[in-house]
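One letter stands for each residue in the lines below.
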Amino acid sequence: MKWNIGTVEIDNQVVLAPMAGICDSPFRTIAKSMGCGLICTEMVSDRGLIYDNTRTQDMLQMTDYERPISQQIFGSTPETMKNASAYIYEHMHPDIIDINMGCPVRKVAIKGQSGSALLKDPDKAYKIVCEVVDTVPVPVTVKIRSGWDKINALEMARLIEDAGASAITVHPRTKEQSYCVDADWSIIKDVKNEVSIPVIGNGDIRTCFDAKRMLDETSCDAIMIGRATLGNPWLIKQCVEYLDNGTEPKKVTKEERFEMIKRHTELLFERKPEKVAISKMRVHAAYYLKGLYRSVEIKPKLFKTTTKEELYDLIEDYLKILNY
Ligand SMILES: Cc1cc2nc3c(=O)[nH]c(=O)nc-3n(C[C@H](O)[C@H](O)[C@H](O)COP(=O)(O)O)c2cc1C
């Protein structure tokens, strides 16, 4: 089902979650090829952009194929977020800019007073959203957790809407809860009842049936999937097809997984320096192989590979064992 964030039309209700270290251009390209409606980037730091940090610049790579795309930023002051959003709009032209108000990582939330720390300071959060909305001509969205240590998602959602945001994503766990408890979807429902901008529900979707259940139980406008796409981008396609026409998912074959490893490797080597590409691909390959017969045994060897050729040799030997 089509829906909109401001003026941006989105073909279906499946959104790829922003994941630091994961959602780079190659991973997003694969998600898009699975029919993902809206793709989110990994977060970039407001200060990294201002100080022209090369790693941050590298993280901003995107291709038109990935559109519509939402670029996420995190930061702690209205002024730095204004400058960062202006820079991103001018250089990257993303379709949407998303503000991170959920990251619980110490460096971001405690040292940087950004991410989920903004949930403790609603006034500052409001000013940040106002500044970014005033700065860029594209829709601005915000992704929140349900609170810092206590739940204030409704208050936050109201002020985010008042500040001019065009949509809000709710990951219904507090910063203190990290990932230790199940996501409480009833908070997504409460937020949906509270605001009139679109609400994207997020947390613990592992199957297309979960995706449908979240839409039904919360009435949210779209669902966002993170961890379950690791090693399983087919989940995106399964969700799109199940939500759009009730098609039941097919089992992903080992051959499909091996093909995907190659495709992902090629994309990484095309777009990243060799060392970065191989170290990222080792992680992704381990996810793609997860659950296959004796895959645990090849993991240590996988993490010792230093070239694309070594990785392919290892994978091909393993496929022979599986087909034996
Ligand atoms: C490795 C990893 C990196 C993440 N990085 C970000 C990020 O950069 N920005 C953000 O808003 N959330 C980030 N998240 C949180 C996810 O977007 C999502 O809210 C969370 O994982 C819950 O959804 P899930 O149950 O579908 O994984 C990250 C999560 C993981 C596992």
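Residues numbered from 1 in each chain as written. Predicted model: local features only at pLDDT ≥ 70, side-chain atom pairs only at ≥ 80, totals over all residues. Heavy atoms only, no water.

**What to know about the packing of aromatic side chains**
Link 1 in the chain: According to the stated counting rule, one finds 3 aromatic pairs in the structure shown.
Link 2 in the chain: Judged by centre distance (5.0 Å) and plane angle (75°), the rings of Phe209 and Tyr242 are edge-to-face. One end of the pair, Phe209, is in helix α9 (residues 208–218); the other, Tyr242, is in helix α10 (residues 234–245), and 33 residues separate them in sequence.
Link 3 in the chain: A relative accessible area of 36% places Phe209 in the partly exposed class.
Link 4 in the chain: The exposure class of Tyr242 is buried, given its relative accessible area of 18%. (Phe/Tyr/Trp six-rings, centres within 6.5 Å; stacked < 30°, edge-to-face > 60°. Helix = DSSP H or I, 4+ residues; strand = E, 2+ residues; numbered from the N terminus. Buried < 20%, exposed > 50% of the residue type's maximum accessible area, 1.4 Å probe, protein only.)

**A word on the pattern of salt bridges**
When the charged atoms of two side chains lie near each other, side chains of opposite charge can form a pair.
Link 1 in the chain: Across all of its chains, the model carries 23 salt bridges by this definition.
Link 2 in the chain: One salt bridge connects Arg28 with Glu66, and the closest N-O pair in it is separated by 2.5 Å. Residue Arg28 is found in helix α1 (residues 25–33), and its partner Glu66 is found in the loop between α3 (54–59) and β6 (69–74); the two are separated by 38 residues along the sequence.
Link 3 in the chain: Classification of Glu66 as buried rests on a relative accessible area of 0%.
Link 4 in the chain: Close ionic contact of Glu194 with Arg158 constitutes a salt bridge, the shortest N to O distance being 2.5 Å. Placement of the pair is Glu194 in helix α8 (residues 185–194) and Arg158 in helix α7 (residues 153–162), with a sequence separation of 36 residues.
Link 5 in the chain: By relative accessible area, which is 38% here, Arg158 ends up partly exposed. (Salt bridge = Lys/Arg side-chain N within 4 Å of Asp/Glu carboxyl O.)

**What to know about the environment of Pro104**
Link 1 in the chain: Within the element layout of this structure, Pro104 appears in the loop between β7 (96–101) and α5 (106–111).
Link 2 in the chain: Between the C-alpha atom of Pro104 and that of Trp148, which follows or precedes it by 44 residues, the distance is 8.7 Å.
Link 3 in the chain: Setting aside anything within four residues of it in sequence, one finds Pro104 in contact with Ala109, Ser116, Arg145 and Lys175. (Contact = heavy atoms within 4.5 Å.)

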